Amino acid sequence: MGTLYQPLESPIQDLEVTIHNTSLVFPSQETPKKPMFLPNIDQVLNFDVQTLHFFNANPEFPPEIVTERLRIALSRVLVHYDFLAGRLRMNQESKRLEFDCNSDAGAVFMVASSELALNEIGDLVYPNPGFRQLIVHENIDILEKDDKPLFILQVTSFKCGGFVMGFSTNHITFDGISFKTFLQNLASQAFDDDNNNPKPLAIVPCNDRTLLAARTPPRVTFPHVELLKLDVPIGEELNAKVFETLQEELDFKIFKLNSSDINSLKEKAKDENTPNSKITSFNVVTSYVWRCKALSYDDENNSERVSTVLFAVDIRPRLNPPLPQSYAGNAVLTSYASATCHELEEGPFSKIVDLVSQGSKRMNDEYARSAIDWGEINKGFPNGEFLLSSWWKLGFSQVEYPWGKPKYSCPVVCHRKEIILLFPNIDDGINNNNDGVNIFVALPPKQMKKFESYFNKFLLD
C-alpha cells in the first residue's frame, strides 16, 4: 500500500560548493537580431524554474571533459534556440513581453565543484535545501545588476567523478515537454563523430510562437471558471506568482504510490456508470491526491465547500490542426475539476476519476483557443484550491548523453501548500522503480496530519 517516503539518510545541506568560473556562451554561428512574439500563455510565466540532472562517474568522461563538451554543445544548440542567449523586454507599443533575440547578451555557463562525493550528499529524491547551491541564479558577478539572463547552466563536479547539471530557465522559454526536447538537442550536440562534427539535432525545434496567438477579434466562448481576472493597470507587468501564499509554518512530506497501488486505484475507478472515463495513471493519482487534499482542509463547514483541483494539459495534439510536437515554448493550459467535499468523501472513487477525466477532455481546440483569447482581454491567473504539477512522466532521465543517462532528474522545489508535485523514483534499471510516483506535499501541521490519515485510509477502502 502507499507509504511515506523515508530518505535513506539525513540530507547534508552544505554541499561545500565552490564556483570556479562564470562565462557567457553565444551561438556558434551568427543569428539574426530580432524580437520574438510571446503569446498569452507565456505572458504570465515570468519566473525562473530550476532543475537538476545528476550523473554517476564515467571514467571515459571525467568532469573536465564533460564541462568542455557541454560548453561547446550549448554554443551549437543556441543557433537553434537563439532566444536563450537574448533577454526578456517589455514592448512599449504593444505593452506585451517579448524576447529580444540579441545573441550579444549571451547565456550563462558556470563551472563549480563540491568537496563531497555524489553518494555523500544524501537521497536525491528527497528535497534538500542544499540543492540550491547546485544552480546559482542570483547575484552573478559577470552581469550587471539589472541584467537577467533567460538561461543558466551550472556544471558541478563531485570528488568521486560524478557531476550534476543545474539549469535555471525563465518559464517563458519552455514548458516541460519543450525543455525535454531542448535537453535531447543539447545532448545530440555533445556527441562528435571522427571528424569532430556534431550529430544532427534530435528534433528540429519549432520557434513560431504566433501559432498560439489570440484570434482576431478574440472570442471567449466559455466561462473559464479556472481563470481569475486581476485588475492590473494596462502595460504593467504581472509579477505576482500563480499562487500567493502567506508566510506560515508548513510540514512537508513525500507520499509514495508504487505500481501495485496505482493499478489498484485503476480497478477502483472502473464503473459501468462512467463508461467514458479515461482511466490513466495520471487521472487516478490526481483524483486520489485531490480527495485527500480537499478533505484535509481546516474548516468546520468543509462538507459543503467546493474544492477545485487544477492540472496542466498539453494542447499540442488537441488543436486543429495540431501544434507541432516540436513547438519550443509553452503549450499547456490549465484544466480543472470541481466537487463538494461531501461528494469527494462519500461518492465512489470512479466518479472522482470521471470528473478529472472530463476536465481533461474539456480541453479541445475551441476551449483552448477560447482560453488564449481570454488572456487577450483579461489579465489573470489559474484559479483553484491547488495545482497538481506533474514532473512524473516528462522523461528527463531518459535523455542519452555521451556519458550516459542521468541517475536522477528533479526540480529544485519550494514548499507551497497550493502546489503539490508529482515526480518519479530513481530508476535503477532493475526493480522498475520508475513505475511508481512520489507525491510532494507541504501543508500546515494540522492539515498534514489529516492528509496522511486520508491517504492511508482510502487505499484500504
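Residues numbered from 1 in each chain as written. Predicted model: local features only at pLDDT ≥ 70, side-chain atom pairs only at ≥ 80, totals over all residues. Heavy atoms only, no water.

### A word on the overall build of the chain
Summing up its helical and strand segments, the chain has nine helices and 18 strands in all. Relative to the globule expectation of 23 Å for 461 residues, the C-alpha radius of gyration of the chain, 22 Å, shows essentially globular dimensions. Viewed in the frame of its principal axes, the chain has a C-alpha envelope of about 65 × 55 × 40 Å. The buried share of the chain, taken over its 461 residues, is 52%. Sequence separation of 24 or more characterises 81% of the internal contacts of the chain that already satisfy a separation of 6 or more. When the accessible surface of the chain is summed, it comes to about 20,800 Å², and 49% of that surface belongs to carbon and sulfur atoms. Side chains of the chain give 45 positive and 60 negative charges; the mean places of these two sets differ by 4 Å. (Helix = DSSP H or I, 4+ residues; strand = E, 2+ residues; numbered from the N terminus. Rg over C-alpha atoms; globule rule 2.2 N^0.38 Å. Buried < 20%, exposed > 50% of the residue type's maximum accessible area, 1.4 Å probe, protein only. Contact = heavy atoms within 4.5 Å. Areas by Shrake-Rupley, 256 points an atom, 1.4 Å probe, with all protein chains shown as cover. Lys, Arg positive; Asp, Glu negative; His and termini not counted. Charge placed at Lys NZ, Arg CZ, Asp CG, Glu CD.)

### Focus on the sheet that holds strand S3 (residues 34-37)
Taking strand neighbours across the sheet as the criterion, the three strands line up as S3-S6-S5 in an open arrangement whose pairing is antiparallel. Whereas interior strands pair on both sides, the edge strands pair on one side only; in this sheet they are S3 and strand S5 (87-91). Across the sheet, the mean angle separating the axes of adjacent strands is 45 degrees when strand polarity is ignored. Here S5 pairs with strand S6 (residues 96-101) via five bridges, running antiparallel. Of the residues in S6, the one forming a bridge with Asn-91 is Arg-96. (Pairing = 2+ DSSP bridges. Axes fitted to C-alpha atoms, helices over the stretch in contact; angles between N-to-C directions.)

### Brief notes about the packing of aromatic side chains
In this structure the tally under the stated criterion is 30 aromatic pairs. Look at Phe-61 and Trp-403: their rings are 6.0 Å apart centre to centre, the planes differ by 65 degrees, and that puts the pair in the edge-to-face class. Of the two residues, Phe-61 is situated in the loop between strand S4 (48-55) and helix H2 (63-77) and Trp-403 in the loop between strand S15 (386-390) and strand S16 (408-411); the sequence distance between them amounts to 342 residues. Ring geometry for Phe-179 and Phe-182: centres 6.1 Å apart, planes at 20 degrees, overall stacked. With Phe-179 and Phe-182 both in helix H3 (residues 176-190), this residue pair falls three residues apart, about one helical turn. Each member of the pair Phe-179 and Phe-182 is classed as buried. The structure contains a cluster of three or more aromatic residues connected by ring pairs, namely Tyr-81, Phe-83, Phe-99, Phe-151, Phe-167, Phe-174, Phe-179, Phe-182, Trp-391 and Phe-396. (Phe/Tyr/Trp six-rings, centres within 6.5 Å; stacked < 30°, edge-to-face > 60°.)

### Concerning the packing of helix H4 (residues 259-269) against helix H7 (residues 349-361)
Direction vectors running N to C along H4 and H7 enclose 95 degrees, while the axes themselves pass 7 Å from each other. For the element pair H4 / H7, the angle class is roughly perpendicular. Contacts between H4 and H7 pair Leu-265, Lys-268 and Ala-269 from the former with Phe-349, Ser-350 and Val-353 from the latter. (Parallel < 35°, antiparallel > 145°, perpendicular 65-115°, else oblique.)

### What about the nonpolar core?
In globular proteins that are soluble, nonpolar side chains generally tend to be buried together. Phe-54, Phe-182, Val-285, Trp-290 and Ile-439 are the most contacted members of the largest nonpolar core, which has 129 residues in total. If we skip the residues at most four places from it in the chain, Val-285 touches Leu-257, Ile-262, Trp-392, Leu-422, Val-437 and Ile-439. (Core = buried A, V, L, I, M, F, W, Y, C linked by side-chain atoms within 4.5 Å.)

### Quick notes on the side chain of Ser-168
Following the sequence through the fold, Ser-168 ends up in strand S9 (residues 163-170). What makes Ser-168 buried here is its relative accessible area of 3%. Side-chain polar atoms of Ser-168 contact the side chain of Gln-50, separated by 3.0 Å. (Polar contact = N/O pair within 3.5 Å; in protein donor to acceptor, adjacent residues only side chain to side chain.)

### As for the environment of Arg-318
Note that Arg-318 resides in the loop between strand S12 (306-314) and strand S13 (332-340). For Arg-318, a relative accessible area of 28% gives the class partly exposed. Each C-alpha atom of the pair Arg-318 and Leu-211 lies 13 Å from the other, and the pair is 107 residues apart in sequence. Setting aside its immediate chain neighbours within four residues, Arg-318 contacts Val-313, Ser-360, Lys-361, Met-363, Asn-364 and Asp-365.

### Observations concerning the state of the cysteines
The full count for this structure, using the stated rule, is zero disulfides. Cysteine Cys-101 remains unbridged, with the sulfur of Cys-206 as its closest cysteine sulfur at 14 Å. Taking relative accessible area as the criterion, Cys-206 reaches 15% and is therefore assigned buried. (Disulfide = S-S within 2.5 Å.)

### A few points about the confidence of the model for the chain
Of all residues in the chain, 93% attain a pLDDT of 70 or more, and the chain-wide mean is 91. Every residue in residues 240-245 is under pLDDT 50, and counting partners more than four places away or in other chains gives 19 contacts. (pLDDT = per-residue confidence, 0-100.)

### What about unusual backbone geometry?
Note the cis peptide between Thr-216 and Pro-217, where omega equals -5 degrees. You can see Pro-217 is positioned in the loop between H3 and strand S10 (227-230). Cis geometry marks the peptide bond from Asn-320 to Pro-321; its omega dihedral reads 0 degrees. By the secondary structure assignment, Pro-321 is in the loop between S12 and S13.

### Let's talk about the packing of helix H5 (residues 281-295) against helix H9 (residues 445-460)
The N-to-C vectors of H5 and H9 enclose an angle of 135 degrees; their axes lie 8 Å apart at closest approach. Here H5 is positioned oblique relative to H9, judged by the angle of their axes. At the point where H5 passes H9, the crossing takes the right-handed sense. Contacts between H5 and H9 involve Tyr-288, Val-289, Arg-291, Cys-292, Lys-293 and Leu-295 on the former and, on the latter, Lys-450, Phe-451, Tyr-454, Phe-455, Asn-456, Phe-458 and Leu-459. (Left-handed = near helix turned anticlockwise from the far one by under 90°.)

### With respect to the pairing of strand S11 (residues 251-257)
Both strand S1 (residues 3-4) and S11 contribute to a ladder of two bridges, which runs antiparallel. Within S11, the residue paired with Leu-4 across the bridge is Phe-255. Here S11 pairs with strand S18 (residues 437-443) via seven bridges, running antiparallel. Each bridged residue has a counterpart across the sheet, and for Lys-256 the counterpart in S18 is Asn-438.

### With respect to the sheet that holds S12
As summarised here, the arrangement of the seven strands in space is S1-S11-S18-S17-S15-S12-S13, forming an open sheet in which the pairing is mixed. Among the strands making up the open sheet, the edge pair consists of S1 and S13. Its contacts with the sheet place H4 against S11 and S18, and it is angled at close to 75 degrees to S11.

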